[in-house]
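Reading the structure
Now for the letters of each chain:
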Amino acid sequence: MPLFELHRILQAYAGRTVLTIDAWQVPEGKIVGLCGPNGSGKSTLLRLLGFVERPVRGTIHYQGRPAEPYADAVRGRVVLLPQASYMLRRTVYKNVAYGLRIGRVRCDIRQRVGESLGLVGLDPDAFAQRPWFALSGGEARRVALAARLVLRPRVLLLDEPTASVDSASAQMIQAAALHAHRQWGTCLIVTSHDHHWLQDTCDETVHLFQGRILGRGDFTLVFGPWQPGENRRLAAPLGRDQWLTLDPPPAGAAESDIAALDARHLTLHALTDPLPPGTAVVEGTITALALGKTSGQISVSLTVGATPFTAYLPPEMAATGHFTPGNKARLAYSPDAVRWV
Ligand SMILES: Nc1ncnc2c1ncn2[C@@H]1O[C@H](COP(=O)(O)OP(=O)(O)OP(=O)(O)O)[C@@H](O)[C@H]1O
């Protein structure tokens, strides 16, 4: 049975639709990443999954049953860490213990609070009695996470958990979330712009764009503006002498249309390699490599002009040593493999 099952979801604010998901399922115990540009609906989706907000239309089943915001079945079990987490005007200890107290969880509260602070790398002796205002931004973020971990939730929804914290705090936040996953089987659903972290950590990554799920995996978005190119194709300038050429959308060319290229449809080539027939090509500089946690797939980030692309590197090609950060490489694609969004 899926942990979450979304059916014909629509969310709108002040009459403006910001999220539409026809059908989507999240399996038990997984780590799912949500990525996509600003405003694509990631936080909105997390709020719906966290049952702190009701969709305008559609149903969300949790463990096979339709669930409502703040229902008993989800309270304390499905827990959201929002981007801007609110702290009670009390000590760190009281902030972390709060969820246990209001949920009347039977446990040794002092021990659990100490454990949770330890998990996020904060020494309970030094931090438990600190007032809420005597914390740095990174410490406050970790206290907010400790206040969720103390509940040992079934689902932990993390909205940009490592945004605007330093790398040491980010590592502690990531390690604490993974501890929950390993120790208690907590399902993690994480939004992040840190592509490499998602790649390293997640069983699957879902790409959102303009309030819709584009698909699983990595996509490159090309925003145009589109111009008439050769063979009745459209072309978008990417950089000096670099053009992405695509077949026009079926409804006709619109300058504002956005193209999505699935990383699975891009192939990487060294500059001297022959190219597959019928493909178009762009040349870029490799900026990073990452190894997918479950897929074992090596993903390569390249920039072509200012546009970041992601492609997958077959293991036999990795051994050639061509595809390392700083090197140039070519990306071949079939112009009819593109999706217009
Ligand atoms: N409470 C609200 N009232 C009105 N509009 C909202 C509200 N919350 C979100 N929106 C709008 O919904 C859209 C999706 O916002 P959301 O925060 O879900 O995007 P996001 O992908 O999380 O963005 P970011 O990466 O910037 O955090 C945006 O256009 C935003 O302005």
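As the structure is a computational prediction, the values presented were derived from the model and not from experiment.

Parameters and conventions
Residues numbered from 1 in each chain as written. Predicted model: local features only at pLDDT ≥ 70, side-chain atom pairs only at ≥ 80, totals over all residues. Helix = DSSP H or I, 4+ residues; strand = E, 2+ residues; numbered from the N terminus. Rg over C-alpha atoms; globule rule 2.2 N^0.38 Å. Buried ≥ 20, exposed ≤ 12 C-beta atoms within 10 Å, placed from the backbone. Pairing = 2+ DSSP bridges. Core = buried A, V, L, I, M, F, W, Y, C linked by C-beta atoms within 7 Å. Contact = placed C-beta atoms within 7 Å. UniProt positions renumbered as here; feature names shortened; annotations may be inferred. Near = placed C-beta within 6 Å. Nonpolar A, V, L, I, M, F, W, Y, C, P; charged D, E, K, R; others polar. Domains from an automatic or database assignment. Expected span 1.5 Å × (residues − 1). Arc of directions from axis to C-beta. pLDDT = per-residue confidence, 0-100. Axes fitted to C-alpha atoms, helices over the stretch in contact; angles between N-to-C directions.

Let's shift gears to the overall build of the protein chain. Of the regular secondary structure elements, the protein chain holds eight helices and 21 strands. Relative to a compact globule of 341 residues, whose C-alpha radius of gyration would be 20 Å, the protein chain shows 23 Å and is just as compact. Taking all 341 residues of the protein chain together, 37% fall into the buried category.

Below, the discussion takes up the pairing of strand 14 (residues 242–246). The sheet contact formed by strand 13 (residues 234–239) and strand 14 spans five bridges and is antiparallel. Bridging from a neighbouring strand, Ala236 pairs with Leu244 of strand 14. In this structure, the hairpin formed by strand 13 and strand 14 is closed by a connection of two residues, where Asp241 is found at a positive phi of approximately 60°.

This paragraph deals with the nonpolar core. If you look at the biggest cluster of nonpolar residues, it comprises 59 residues, and the most contacted ones within it are Val96, Val120, Ala146, Leu157, Ala176 and Ile189. The biggest single contributor to this core is helix 5 (residues 137–149), with six residues. Sequence-distant contacts of Ile189, that is, excluding residues within four places in its chain, are made with Val26, Val32, Leu34, Leu46, Leu49, Val155 and Leu157. If you look at the next biggest cluster of nonpolar residues, it comprises 23 residues, including Phe219, Leu268, Ile286 and Val338.

Once that is clear, we can look at the UniProt feature "domain: ABC transporter" (unreviewed entry) in the protein chain. Taken from the UniProt record, the annotation "domain: ABC transporter" (unreviewed entry) applies to residues 4–235. For residues 4–235, helix accounts for 31% and strand for 29%, while the C-alpha atoms at its two ends are 40 Å apart.

A separate point is the site of the ligand. Around the ligand, the surrounding shell consists of Tyr13, Ala14, Val18, Gly36, Asn38, Gly39, Ser40, Gly41, Lys42, Ser43 and Thr44. Its residues assigned to classes, the shell around the ligand comprises three nonpolar, seven polar and one charged.

Bringing the domain arrangement of the protein chain into the picture now. For the protein chain, the assigned domains are domain 1 (4–214) and domain 2 (218–340). Distance between the C-alpha centres of domain 1 and domain 2: 33 Å. Taken together, the contact between domain 1 and domain 2 spans 10 residues of the former and 10 residues of the latter. Taken together, the elements giving at least two residues each to the side of domain 1 that touches domain 2 come down to helix 7 (195–201) and strand 9 (204–209). Per-element accounting of the side of domain 1 that touches domain 2 gives the leading share, five residues, to helix 7. Residue composition of the side of domain 1 that touches domain 2, by class: three nonpolar, five polar and two charged.

To continue, consider the sheet that holds strand 21 (residues 339–340). Strand order in the open sheet formed by three strands is 11-15-21, and the pairing between neighbours is antiparallel. Single-partner strands in this sheet number two, and they are strand 11 (219–222) and strand 21. Direction of pairing for strand 11 relative to strand 15 (residues 259–262): antiparallel, over a ladder of four bridges. Pairing of Leu221 across the sheet is with Ala260, part of strand 15.

Let's shift gears to helix 5. For helix 5, spanning 13 residues, the distance from its first C-alpha to its last is 19 Å, which sits close to the expected 18 Å at 1.5 Å a residue. Looking only at helix 5, the buried set comprises Arg141, Arg142, Val143, Ala144, Leu145, Ala146, Ala147, Arg148 and Leu149.

Think of an α-helix as turning once every 3.6 residues; residues three or four places apart then point the same way. Look at helix 6 (residues 167–184): 25 Å from first C-alpha to last across 18 residues, which is about the 26 Å you get at 1.5 Å a residue. Every buried residue belonging to helix 6 is among Ser169, Met172, Ile173, Ala176, Ala177 and Ala180, and all of these are buried. An end-on view of helix 6 places all buried positions within 130° of arc, on one side of the element. Opposite the packed face of helix 6, turned more than 90 degrees from it, sit the exposed residues Ser167, Ala168, Ala175 and Arg182.

The next thing to look at is the pairing of strand 16 (residues 266–269). Taking every second residue as pointing to the same face, both faces of strand 16 are buried, with Leu266 and Leu268 on one and Thr267 and His269 on the other. In the sheet, strand 16 pairs with strand 20 (residues 328–333) via four bridges, with the strands oriented antiparallel. Looking at the pairing, Leu266 lines up with Tyr333 of strand 20.

This prediction gives the protein chain a mean pLDDT of 92; 99% of its residues lie at or above 70. Taken element by element, the protein chain is modelled with least confidence in helix 7, mean pLDDT 84, and with most confidence in strand 8 (residues 187–191), mean pLDDT 98. Two numbers describe this predicted complex: its pTM, 0.90, and its ipTM, 0.98.

Each strand in a sheet pairs with its neighbour through backbone hydrogen bonds, running either in the same direction (parallel) or in the opposite one (antiparallel). Strand order in the open sheet formed by six strands is 6-7-8-3-9-10, with mixed pairing between adjacent strands. Every interior strand has two partners, whereas the edge strands, strand 6 (78–81) and strand 10 (212–216), have only one. Geometrically, the sheet is characterised by an average inter-axis angle of 20° between neighbouring strands, direction not taken into account. Across the sheet, helix 6 is in contact with strand 3 (31–35), strand 7 (155–159) and strand 8; its angle to strand 7 comes to roughly 160°.

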